[in-house]
Amino acid sequence: GVRAPRDPAQALRYLQQAATQPETALKGHYELGRLFAYGYLDESRPLLAAQYLMWSARRGYAAADGALARLFVSGKGLCPNLANAYVFARLGAREGSAWIALLEKQIAARLPADEVAQADSLYAGELGARPSAYRIPQTMLAEAAAIAAEHGVQIAAVDNVETGAETKTATD
């Protein structure tokens, strides 16, 4: 087969569009974070990458936790911070990712003993800042509704408290 031509600007447009859609927002923000972290648009922009990755991570996307951990370990564009790296690796490993669990062990081995308590406190705070599994759909739908409203589209959502089911309708 023939490979598609490299077009980072088009990739950026597609990812920005994906980030505004409820079905693809988590992955879209994660991929935008990677796009900026690895410099696919000519230069690395780690602070912007961290913002996109944090958005996905705080909504339960484990791969974003792993990417944040790598950003804090590498220190490329961010101050290296093993405590933060450990927190995000631990959060990602909690979701069952084997490679993030390995990263967590590697970071823990490098973390000075006096920083472990600080890292544990940061972990508890970050874990508390994340919505529960039930609240994620509500949060995502509220954000999607706000984005849609900016574009003149109304989204109505009704969550079933017992099942967590969602009903969505879009009107022009």
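Residues numbered from 1 in each chain as written. Predicted model: local features only at pLDDT ≥ 70, side-chain atom pairs only at ≥ 80, totals over all residues. Heavy atoms only, no water.

### Observations concerning the side chain of Arg130
Position of Arg130 relative to the elements: it lies in the loop between helix 7 (113–129) and helix 8 (135–150). Taking relative accessible area as the criterion, Arg130 reaches 13% and is therefore assigned buried. (Helix = DSSP H or I, 4+ residues; strand = E, 2+ residues; numbered from the N terminus. Buried < 20%, exposed > 50% of the residue type's maximum accessible area, 1.4 Å probe, protein only.)

### A look at the nonpolar core
Core analysis: the largest hydrophobic core is formed by 36 residues, its most contacted members being Leu32, Leu53, Leu71 and Ile107. Listing elements by their share of this core, those giving two or more residues are helix 1 (8–19), helix 2 (25–37), helix 3 (46–57), helix 4 (62–74), helix 5 (82–94), helix 6 (98–110) and helix 7. In terms of residue count, helix 5 provides more of this core than any other element does, nine residues in total. Residues contacting Leu32, with those up to four places away along its chain left out, are Leu12, Leu15, Gln16, Ala19 and Tyr52. (Core = buried A, V, L, I, M, F, W, Y, C linked by side-chain atoms within 4.5 Å. Contact = heavy atoms within 4.5 Å.)

### Describing the confidence of the model for the chain
Mean pLDDT over the chain stands at 81; residues scoring 70 or higher make up 77%. Contacts of residues 157–172 to residues separated by more than four positions or lying in other chains number 29 contacts, the stretch itself having pLDDT below 50. (pLDDT = per-residue confidence, 0-100.)

### What about unusual backbone geometry?
Of note in the backbone geometry, Asp42 takes a positive phi value of approximately 95° without being a glycine. Relative to the helices and strands, Asp42 is located in the loop between helix 2 and helix 3.

### Here we look at helix 5
The end-to-end C-alpha separation of helix 5 is 18 Å, in line with the 18 Å expected for 13 residues at 1.5 Å each. Buried residues of helix 5: Leu82, Ala83, Asn84, Ala85, Tyr86, Val87, Phe88, Ala89, Leu91, Gly92 and Ala93, and no others. Those residues of helix 5 hidden inside the fold are in contact with helix 3, helix 4, helix 6 and helix 7. Structurally, the start of helix 5 carries an N-cap: the backbone nitrogen of Ala83 is 3.1 Å from a side-chain oxygen of Asn81. (Expected span 1.5 Å × (residues − 1). Polar contact = N/O pair within 3.5 Å; in protein donor to acceptor, adjacent residues only side chain to side chain.)

### A few points about the environment of Thr20
Structurally, Thr20 can be placed in the loop between helix 1 and helix 2. Accessibility expressed as a relative area gives 29% for Thr20, which makes it partly exposed. A polar contact of 2.7 Å, which involves the side chain of Thr20, links it to the backbone oxygen of Gln17. For Thr20, the side chain forms a polar contact with the side chain of Gln21, separated by 3.2 Å.

### Section: the pattern of salt bridges
Per the counting criterion, the structure on display carries seven salt bridges. Here Lys27 and Glu31 are joined by a salt bridge, their closest N and O atoms 3.2 Å apart. Of the two residues, Lys27 and Glu31 both sit in helix 2, four residues apart, roughly one turn of that helix. The exposure class of Lys27 is partly exposed, given its relative accessible area of 42%. Relative accessible area serves as the criterion here: at 21%, Glu31 is assigned to the partly exposed category. Asp65 is paired through a salt bridge with Arg130; the nearest N and O atoms lie 2.6 Å apart. Placement of Asp65 in helix 4 and of Arg130 in the loop between helix 7 and helix 8 is noted, with a sequence separation of 65 residues between them. Both residues of the pair, Asp65 and Arg130, belong to the buried class. (Salt bridge = Lys/Arg side-chain N within 4 Å of Asp/Glu carboxyl O.)

### Let's talk about the packing of helix 4 against helix 5
Viewed as axis vectors pointing N to C, helix 4 and helix 5 meet at an angle of 160°, and their least axial separation amounts to 8 Å. When the axes of helix 4 and helix 5 are compared, the pair comes out roughly antiparallel. The handedness of the crossing between helix 4 and helix 5 comes out as left-handed. Where helix 4 approaches helix 5, its residues Ala62, Asp65, Gly66, Leu68, Ala69, Phe72 and Val73 are matched on the opposing element by Leu82, Asn84, Ala85, Phe88, Ala89, Leu91 and Gly92. Here the contact of helix 4 with helix 5 is composed, by residue class, of 10 nonpolar, three polar and one charged. (Axes fitted to C-alpha atoms, helices over the stretch in contact; angles between N-to-C directions. Parallel < 35°, antiparallel > 145°, perpendicular 65-115°, else oblique. Left-handed = near helix turned anticlockwise from the far one by under 90°. Nonpolar A, V, L, I, M, F, W, Y, C, P; charged D, E, K, R; others polar.)

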